Structures are given as C-alpha cells and as structure tokens.
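Here are the chains, one letter per residue:
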Amino acid sequence: MSLVRICNFFLFLFFCQNQNLGCEKPRIQNSENTQIRVINNSNHGVTRVSLFSMSFGDVMPNDTTEYKELDYNPLQDDPLIYCISSEENFARYLKIPDKQVKKYTYVIDSLVNRIIYISSKADK
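The written sequence of each chain sets the order in which its residues are numbered from 1. Totals for whole chains, interfaces and linings use every residue, but because this is a predicted model, local features are given only for residues with pLDDT of at least 70 and side-chain atom pairs only at 80 or more, for both listing and counting. As a convention, hydrogens and water are excluded, and side-chain values are obtained from all of the structure's heavy atoms.

Visitor: I'd like a description of the overall build of the protein, backed by residues and values.
Guide: Here a strand is any run of E in DSSP of at least two residues, a helix any run of H or I of at least four, and the numbering for each starts at the N terminus. Helix and strand counts for the protein come out as one helix and eight strands. When its helices and strands are written in sequence order, the protein yields α-β-β-β-β-β-β-β-β. Here the term buried applies to any residue with accessible area under 20% of the maximum for its type, exposed to any over 50%, and partly exposed to those in between, with areas from a 1.4 Å probe on protein chains only. Split into buried and exposed, the 124 residues of the protein put 30% on the buried side. Pairs at least 24 residues apart make up 57% of the contacts formed inside the protein by residues separated by at least 6 positions. What sets the accessible areas is the Shrake-Rupley method with a 1.4 Å probe; for residues, cover comes only from the shown protein chains. For the protein, the exposed surface amounts to about 8,700 Å²; the carbon and sulfur share of it is 52%. Note on contacts: a residue pair is in contact if any heavy atoms of the two residues lie within 4.5 Å.

See below:
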C-alpha cells in the first residue's frame, strides 16, 4: 500500500510541475510578429476602433494609425473590426494575415447603408 502511495505522490508532483506544458493559449505572437495598422479612407470619423480585440482608438477621415504587433488568440479574440460612427455600431470579419507577412494594413473604404467596407493589403 505504501508503494502505491509513493508512486501516486510522484505522479502528482510530475503532473503539477508539467501542467503548463502544451496548455498555453495558441497565440500568433513572437518577436517577429506581423505588425498591423488601420487607414480611414472614408468620409466618416470612426471611434473606438478595435481589430482582433486590440484597440486602435479613434480614426478620423484620412488618418492612419501606428503599427501594432498582432496579438491574436483564435480561442479568445474575434477576427473582426469593430467601430462606431454617428452613434451606429459597425463590425466586419477580417482576413487574418499570413504569418510570413511583416506589415499589414486594413483600410476602411466606406460606411454605406450601415455596412463597413474594408480592404486589406500586405505592406512592403
């Protein structure tokens, strides 16, 4: 009986020490991660802009945000852009850039009939 207890104790210790192995959240992030930004080419200011659950603040017409490192967890974050314009909420699914792309831009082309039109491109 004591041998079983000792084995169980060691198994318990092994499990406790290694419980984080393979259990980390799947993140698209490393030191060479994709940098993303937003350009507003529409005629409307947009507030509370958020991409992949990352805040980009307010973006007025013809403004460009700074690049931010893409920090995306597909189990936790939404692959969406959210924003507000004229007290209306807008949202749209986004294309996720390939991991090899270093810089990527999302462009707000227009806001028409309560629909936000977005284009995107890899930057050089």
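Visitor: I'd like a description of the side chain of Thr105, backed by residues and values.
Guide: Locating Thr105 in the fold gives a position in strand β7 (residues 103–112). We define a polar contact as two N or O atoms separated by no more than 3.5 Å, with the added condition that, inside protein, one atom must be a possible hydrogen donor and the other a possible acceptor, whereas residues neighbouring each other in sequence contribute only through side-chain atom pairs. Here the side chain of Thr105 touches Arg37 through a polar contact of 2.8 Å, side chain to side chain.

Visitor: Any details on the environment of Leu80? Residues and values, ideally.
Guide: By the element assignment, Leu80 lies in strand β5 (residues 80–85). Linking Leu80 and Ala91, residues 11 residues apart in sequence, is a C-alpha distance of 6.5 Å. Other than its neighbours up to four places away in sequence, Leu80 contacts Ser50, Leu51, Phe52, Arg92, Tyr93 and Leu94.

Visitor: I'd like a rundown of the pattern of salt bridges, residues and numbers included.
Guide: Where charged atoms from two side chains of opposite charge come close, those side chains can pair. By definition, a salt bridge exists where a carboxyl oxygen of Asp or Glu is found within 4 Å of a side-chain nitrogen of Lys or Arg. Inspection of every chain in the model, using the stated rule, returns two salt bridges. For Asp123, the salt bridge identified is with Arg37, shortest N-O distance 3.7 Å. Of the two residues, Asp123 is situated in the segment after β8 (115–122) and Arg37 in strand β1 (residues 35–40); the sequence distance between them amounts to 86 residues. Assessed through its relative accessible area of 17%, Asp123 is described here as buried.

Visitor: Lay out the sheet that holds β7 with the relevant residues and their values.
Guide: Taken in spatial order, the four strands line up as β4-β1-β7-β8 in an open sheet, and their pairing is mixed. Two strands bound the open sheet, and with one partner strand each, they are β4 (68–69) and β8. By the convention used here, strands pair only if DSSP detects at least 2 bridges between them. Bridge count for β1 against β4 is two bridges, and the pairing is antiparallel. Bridging across to β4, Ile36 finds its partner in Lys68.

Visitor: Go over the environment of Ile96 with me, naming the residues and quoting the values.
Guide: Topologically, Ile96 is positioned in the loop between β6 (88–93) and β7. Of the residues examined, Ile96 reaches a relative accessible area of 32% and is grouped as partly exposed. Residues Ile96 and Ser120 lie 24 residues apart in sequence; the distance between their C-alpha atoms is 9.7 Å.

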